[in-house]
Amino acid sequence: MSSPSDTAKPQPASMPAKGSTHAEAGDTAAGRGRRRGLWLLVGALLLAAVAGAAYWYYWLRQPPLPPGFASGNGRVEATEYDIATKRAGRVEEVRAHEGDLVEKGQVLAQMDIDELTAQRHEAEAELARARKAEATAKAVLVQRESELEFARIEHRRAQKLVEGAAAPIERLDRDRTRHQAAEAAGQAAQQQVHEATSAIAAAEASLQRIQTLLDESTLASPIRGRVIYRLAEPGEVLDAGGKVVTVLDLADVYMTVFLPTEQAGRVGYGAEALMVLDAFPELVLPASVSFASPEAQFTPKEVETRTEREKLMFRFKVKIDQALLEQHLEQVKTGIPGVSYIRLAGAGDWPEHLAVRLPPE
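As the structure is a computational prediction, the values presented were derived from the model and not from experiment.

*Asks:* Where do I start with the overall build of the chain in this structure?
*Replies:* Check the secondary structure of the chain and you find five helices and 13 strands. Across the 361 residues of the chain, 32% fall into the buried class. Across the chain, contacts joining residues at least 24 apart in sequence account for 78% of those joining residues at least 6 apart. Of the roughly 22,800 Å² of accessible surface on the chain, a fraction of 56% belongs to carbon and sulfur atoms.

Written as structure tokens, this is what we have:
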């Protein structure tokens, strides 16, 4: 019989090294994360490819433009108005936020007016003093004119008495002197009235200037448009000309395009045009040429023409119909790329695929 010492003892199962389980779990999670990111990248690339293919399919299936028509690529733009303070000061309140649709005359911001209010009170007091001084000067003038009239009468009477030997020559000399003194006093009183009147005019001008600054401290929108930038906050101190907000004029929306010389010469102001935006290729919007550059220039790098690039091009602005903009003001956005089509002088009717198609009411 074998001894107990010869009996084989069961060997314990090998244990994993410390931390190996966590490492394997971490590697698995990292792998899943990498695979998820890879699939997201592939999906984004496929989506971009599909969108690009759809875009190019839409344009490639369009028939070419007939003779007499021109086209150019561009982006929707609009005139911007910078609402700024005329004088240096602290911003008291900003009532507009980015994206707000504002009306013409609507208050967008208010500058601090405490100092101007004090200056207005001072100017009002100065005006009151000037008016009081004018009233006093006019009263003195009336008195001096009365004294002058009396001195004139006395002088004439003395002159007659001396001529008739009824009075000594000394009286004539005395009355003549009084008459001259009264004339001088009258002229001085008249000058005081003029000075008081000038002081009133100066005080009124100063008050008007201060009132103008007070009015200009209330910053209102000069147009109906949309706030695209809020550039200052309450409490900020701005220099003269400091911008507070920028408003986009939604009634002046256009696209800048460049045309070669042979086409530019056949485009006049007000020429009929159409606009197709990449975001809404199913729509064809009526437009017109509102500006034609009188000088040729190099084509900007970001502009791509469908024909071969030329070194010198003429710049044109194609403006969307204003009545259409007014009907769809809430939907107007800038920065959207698209194509503008322009009918050249002597061209026929628009091709069928460019018939006007408006957005629903």
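*Asks:* Can you help me understand the nonpolar core in this one?
*Replies:* Formed by 31 residues in total, the largest nonpolar core has its most connected members in Val267, Phe316 and Ile342. For this core, the elements supplying multiple residues, two or more each, are strand E1 (69–84), strand E8 (243–259), strand E9 (272–277), strand E10 (280–292), strand E12 (312–320) and helix H5 (322–327). Top contributing element to this core by residue count: E8, with six residues.

*Asks:* Can you help me understand the pairing of strand E4 (residues 107–111) in this one?
*Replies:* E4 sits mainly inside the fold: four of its five residues count as buried. Where strand E2 (residues 89–94) meets E4, three bridges bridge the pair, whose relative direction is antiparallel. Across the sheet, the residue bridging to Val94 is Ala109, located in E4. Pairing of E4 with strand E5 (residues 218–220), which is carried by three bridges, proceeds in the antiparallel orientation. Within E5, the position partnered with Ala109 by the bridge is Leu219.

*Asks:* Help me understand the packing of aromatic side chains in this model?
*Replies:* Two aromatic rings are characterised by how far apart their centres lie and by the angle between their planes. Per the stated rule, a full pass over the model turns up one aromatic pair. Summarising the aromatic geometry, the rings of Phe69 and Trp350 are spaced 4.9 Å apart at their centres and angled 45° between planes, so their arrangement reads as tilted. Of this pair, Phe69 sits in strand E1 while Trp350 sits in the segment after strand E13 (337–343), and the two are 281 residues apart along the sequence. Given a relative accessible area of 7%, Phe69 falls into the buried group.

*Asks:* Looking at this structure, I do not really get the side chain of Gln110. What am I missing?
*Replies:* Its location among the elements puts Gln110 in strand E4. Looking at Gln110, its side chain comes within polar contact range of the side chain of Thr218, at 2.7 Å. Residue contacts for Gln110: discarding those within four places in its chain leaves Val91, Glu92, Glu93, Ser217 and Thr218.

*Asks:* I'm lost on the pairing of E8 in this one. Help?
*Replies:* Two faces belong to every sheet, and in a regular strand the side chains alternate between them. Taking burial as the measure, the 17 residues of E8 include 15 buried ones, the bulk of the element. Pairing of E1 with E8 involves eight bridges; the strand directions are antiparallel. If you follow Glu80 over to E8, its bridge partner there is Leu248. Relative to E8, strand E6 (residues 225–230) runs antiparallel, the two being bridged by five bridges. Bridge pairing in E8 places Arg226 opposite Leu248. One ladder, built from six bridges, connects E8 with E12; its direction is antiparallel. Paired with Val257 across the bridge in E12 is Phe316.

Calculation criteria
Residues numbered from 1 in each chain as written. Predicted model: local features only at pLDDT ≥ 70, side-chain atom pairs only at ≥ 80, totals over all residues. Heavy atoms only, no water. Helix = DSSP H or I, 4+ residues; strand = E, 2+ residues; numbered from the N terminus. Buried < 20%, exposed > 50% of the residue type's maximum accessible area, 1.4 Å probe, protein only. Contact = heavy atoms within 4.5 Å. Areas by Shrake-Rupley, 256 points an atom, 1.4 Å probe, with all protein chains shown as cover. Core = buried A, V, L, I, M, F, W, Y, C linked by side-chain atoms within 4.5 Å. Pairing = 2+ DSSP bridges. Phe/Tyr/Trp six-rings, centres within 6.5 Å; stacked < 30°, edge-to-face > 60°. Polar contact = N/O pair within 3.5 Å; in protein donor to acceptor, adjacent residues only side chain to side chain.

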